[in-house]
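Report on the structure
The residues making up each chain are set out below.
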Amino acid sequence: MADLSPQELRVLAAVADSGGFSAAGAALGLTQSAVSHSVRGSEAKVGAVLFEPGRGGASPTPAGERVVALARRILRMYEVLGAEARGAGRGALAGVLRIAAFRSAALHLLPPALERLTARHPGIRPEVRVVRELGAGTAGEVAAGRADLAIATLNAGGAGGPGGPGGGATGSVPAGAAAPGRLLTGVLREEAYALVHPAGHPDPRSLPLLDWDENCGSYTRDWWRAQDWIPRATVKAEDDGMVLTMVGRGLGMAILPELSLREATDAVDITGLGPSGPVRRVGYVTAPESASTLAVRALIRELRSEAG
């Protein structure tokens, strides 16, 4: 099989990102026919159909999704090559560092680590995207080549799936050395869930349950099922911050992890769930090739320092 050139990889990524050959050509300064020719040549080299036509343009096939993800990751290594060489020679890191994180991690876990990182290395320019922990979640951004590192919820060894009161699917990945798509993970913190309810309420367990789609996973599944006092969620919110606000307004009670409760006000009371209560793991996810880069290694050190 002939190797794909960097330009061919750029074309594949552009078609996937823009959703069509014409739009990809416009983004790259190429004609539609040039893009089409490049894609067909790439397909011949890899021996698989990578895109299929649709009403709105072109979408990746399963093979195309995998190839495009690897193409983005390879192109990213081209981008950081110069920064790596300069950083190794002078000890000063520079360049864009792409990070994906779920909402509460982006609000409370990342900022102190990034503050220290950029103080030590002013040339680093963090780009943080908030991604919901649904489907592939934040780890999926790394696998797809759109992020260098993600802050994700890590479970205790099973795939993410239905499990919390809302029954939604999470983007959690197994804790340990290898995650789906041959990604690398590391645990940064373990945090307990707690019962949060309107301040001073005499019987918070009698209140309706408030929940959000990300608040479930294999790490809490057995615990949820064993609690006969927890009703099925009757109110769903967009995110944990909205849940906390609604609890403060007296609309119900909720069960939230520690990072989410950092925004709690005097309008709510927080009650621990005891030693048998659910605990979630929060950690980083990165690709093997990114894990060896100086900027990602420096960020991981700061995140570990922040986690204590």
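The structure this text deals with has already been given above.
Keep in mind that this is a model prediction, so the values were computed, not measured. (Residues numbered from 1 in each chain as written. Predicted model: local features only at pLDDT ≥ 70, side-chain atom pairs only at ≥ 80, totals over all residues. Heavy atoms only, no water.)

Thoughts on the nonpolar core
- Counting residues in hydrophobic clusters, the biggest one holds 25 residues, and the most contacted among them are Leu-97, Leu-149, Ile-151, Leu-299 and Leu-303.
- Among the elements of the structure, strand S3 (94-101), helix H5 (103-108), helix H6 (110-120), strand S5 (149-155), strand S12 (279-286) and helix H12 (294-307) are those that each provide at least two residues to this core.
- With 6 residues, H12 is the largest single contributor of residues to this core.
- Those residues within four positions of Leu-97 in sequence are excluded, and the remaining contacts are Arg-76, Leu-117, Ile-124, Arg-125, Pro-126, Glu-127, Asp-148, Ala-295, Val-296 and Leu-299. (Core = buried A, V, L, I, M, F, W, Y, C linked by side-chain atoms within 4.5 Å. Buried < 20%, exposed > 50% of the residue type's maximum accessible area, 1.4 Å probe, protein only. Helix = DSSP H or I, 4+ residues; strand = E, 2+ residues; numbered from the N terminus. Contact = heavy atoms within 4.5 Å.)

Digging into the environment of Lys-45
- Inspection of the secondary structure assignment puts Lys-45 in helix H3 (residues 32-46).
- Given a relative accessible area of 26%, Lys-45 falls into the partly exposed group.
- Within polar-contact distance, the side chain of Lys-45 engages the backbone oxygen of Asp-3 at 3.3 Å. (Polar contact = N/O pair within 3.5 Å; in protein donor to acceptor, adjacent residues only side chain to side chain.)

Things to note about the packing of helix H1 (residues 6-18) against helix H2 (residues 21-28)
- Following both chains from N to C, one finds H1 and H2 inclined at 120°, their axes separated by 8 Å at the closest point. Between H1 and H2, the crossing angle belongs to the class labelled oblique. Once H1 is placed against H2, the crossing between them reads as right-handed. For the pair H1 and H2, the contacting residues are Arg-10, Val-11, Ala-14, Val-15 and Ser-18 in the first and Phe-21, Ala-23, Ala-24 and Leu-28 in the second.
- Here the residues of the contact of H1 with H2 sort into 7 nonpolar, 1 polar and 1 charged. (Axes fitted to C-alpha atoms, helices over the stretch in contact; angles between N-to-C directions. Parallel < 35°, antiparallel > 145°, perpendicular 65-115°, else oblique. Left-handed = near helix turned anticlockwise from the far one by under 90°. Nonpolar A, V, L, I, M, F, W, Y, C, P; charged D, E, K, R; others polar.)

Here's the deal with the environment of Phe-21
- You can see Phe-21 is positioned in helix H2.
- Among the residues examined, Phe-21 registers a relative accessible area of 13% and is labelled buried.
- The sequence separation of Phe-21 and Val-35 amounts to 14 residues, and the corresponding C-alpha distance is 6.0 Å.
- In contact with Phe-21, not counting residues within four places along its chain, are Val-15, Gln-32, Val-35, Ser-36, Val-39, Arg-40 and Ala-58.

Things to note about a nonpolar patch on the surface
- Together, Leu-70, Ile-74 and Tyr-78 line one region of the surface with nonpolar side chains, adding up to about 270 Å² of accessible area.
- Among the structural elements, Tyr-78 can be located in helix H4 (residues 62-90). (Patch = residues over 30% accessible without salt bridge, like charges linked within 9 Å, V, L, I, M, F, W, Y side chains within 5 Å. Areas by Shrake-Rupley, 256 points an atom, 1.4 Å probe, with all protein chains shown as cover. Salt bridge = Lys/Arg side-chain N within 4 Å of Asp/Glu carboxyl O.)

Observations concerning the pattern of salt bridges
- Evaluated as defined, the whole model comprises 21 salt bridges.
- A salt bridge links Glu-302 to Arg-120; its shortest N-O distance comes to 2.3 Å. Within this pair, whereas Glu-302 is found in helix H12, its partner Arg-120 is found in helix H6, the two being separated by 182 residues in sequence.
- Of the residues examined, Glu-302 reaches a relative accessible area of 8% and is grouped as buried.
- Given the relative accessible area of 53%, Arg-120 is considered exposed.
- Each of Arg-189, Glu-191, Glu-258, Arg-262 and Arg-280 takes part in salt bridges that share partners, so that together they form one network.

What about H2?
- Every buried residue belonging to H2 is among Phe-21, Ala-24 and Gly-25, and all of these are buried. Each buried residue of H2 lies within a common arc of 100° when the element is viewed along its axis, so the set occupies one face. Residues of H2 that are exposed and point more than 90 degrees away from the buried face comprise Ala-26 and Ala-27.
- If you follow the buried residues of H2, they end up packed against H1, H3 and strand S2 (57-60).
- One or two positions beyond H2, positive phi appears at Gly-29, with a value near 75°. (Arc of directions from axis to C-beta.)

What about empty space enclosed by the protein?
- For the structure shown, the criterion picks out 2 cavities of 30 Å³ or more.
- Taken as a whole, the largest cavity holds about 90 Å³ of empty space.
- Taken together, 10 residues make up the lining of the largest cavity; nearest its centre are Phe-102, Glu-133, Trp-212, Glu-214 and Arg-280.
- Residues of the lining of the largest cavity, tallied by class, amount to 3 nonpolar, 2 polar and 5 charged.
- When its volume is computed, the second largest cavity comes out at roughly 40 Å³.
- In terms of lining residues, the second largest cavity is bounded by Arg-73, Arg-76, Met-77, Arg-98, Val-142, Gly-145, Ala-147, Asp-148, Ala-287, Glu-289 and Ser-290.
- Of all elements in the fold, only H4 and helix H11 (288-291) reach the threshold of two or more residues within the lining of the second largest cavity.
- In terms of residue count, H4 provides more of the lining of the second largest cavity than any other element does, 3 residues in total.
- Grouping the amino acids of the lining of the second largest cavity by side-chain chemistry returns 4 nonpolar, 2 polar and 5 charged. (1 Å grid on protein atoms, 1.4 Å probe; cavity = no way out; pocket = protein on both sides within 12 Å on 5 of 7 lines; lining within 4 Å. Points joined across faces, edges and corners; volume = space filled by probe spheres on them.)

By themselves these figures say nothing about function.
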